[in-house]
Amino acid sequence: MQFNLFKAIKNTHRNPISRVLHLIGLSLYAIGFTLLGGYYLGSLDISSSIIGIILFPIAISLFLTGHKIEGNLRAMTLIILLKYLRSKIKF
């Protein structure tokens, strides 16, 4: 059985509201990483890193809400990614 990662992700994000929540959550994740990276590279102050850290649980809650709307909390991307990696690694 061939496991297609992108097909699995697309199939678990069908609801338009869920997609919007995931898009916002992904944006917050990216902003959070950027703020943390900027702090550790010395170009931003400590308040930026705190804001970056605060954005992570907000993003996760948006992801969880999106999956709750879809009715597939067990189909979060991390779980799908781990299943994909397991299918690619031969034991």
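Small disclaimer: the values here were computed from a predicted structure and weren't measured.

Caption draft 1: Focus on the overall build of the protein chain. When helices and strands are tallied, the protein chain shows four helices and zero strands. Tracing the protein chain from N to C terminus, the helices and strands come up as α-α-α-α. Against the globule reference of 12 Å for 91 residues, the protein chain gives a C-alpha radius of gyration of 16 Å, more extended than a compact globule. Viewed in the frame of its principal axes, the protein chain has a C-alpha envelope of about 50 × 35 × 15 Å. Here the protein chain, with 91 residues, has 31% of them falling under the buried criterion.

Caption draft 2: Representation of helix α2 (residues 16-40) in the model. In this model α2 runs 36 Å from its N-terminal to its C-terminal C-alpha over 25 residues, within 8% of the 36 Å that 1.5 Å per residue would give. Within α2, the full set of buried residues consists of S18, L21, H22, G25, L28, G32, L35, L36 and G38. Packing partners of the buried residues in α2 comprise α3 (46-70). The distance from a side-chain oxygen at the start of α2 to the backbone nitrogen of I17 is 2.8 Å, and the residue carrying that oxygen is N15. G42 lies just past α2 and shows a positive phi near 90°.

Caption draft 3: How the structure looks around the environment of K83. Along the chain, K83 falls in helix α4 (residues 77-88). Between the C-alpha atom of K83 and that of T65, which follows or precedes it by 18 residues, the distance is 22 Å.

Caption draft 4: Representation of the nonpolar core in the model. L21, L28, L35, L55, A59, L62 and F63 together form the largest nonpolar core, which totals seven residues. Within the residue set of this core, elements represented by two or more residues are α2 and α3. For this core, the element with the highest residue contribution is α3, accounting for four residues. Residues in contact with L62, not counting those within four places in the same chain, are L21, I24, G25 and L28.

Caption draft 5: Inspection of the confidence of the model for the protein chain at higher detail. On average, the protein chain scores 86 in pLDDT, and the residues at 70 or more come to 95%. When pLDDT is averaged over each element of the protein chain, α2 comes out on top at 93 and helix α1 (residues 5-11) at the bottom at 75.

What counts as what
Residues numbered from 1 in each chain as written. Predicted model: local features only at pLDDT ≥ 70, side-chain atom pairs only at ≥ 80, totals over all residues. Heavy atoms only, no water. Helix = DSSP H or I, 4+ residues; strand = E, 2+ residues; numbered from the N terminus. Rg over C-alpha atoms; globule rule 2.2 N^0.38 Å. Buried < 20%, exposed > 50% of the residue type's maximum accessible area, 1.4 Å probe, protein only. Expected span 1.5 Å × (residues − 1). Contact = heavy atoms within 4.5 Å. Polar contact = N/O pair within 3.5 Å; in protein donor to acceptor, adjacent residues only side chain to side chain. Core = buried A, V, L, I, M, F, W, Y, C linked by side-chain atoms within 4.5 Å. pLDDT = per-residue confidence, 0-100.

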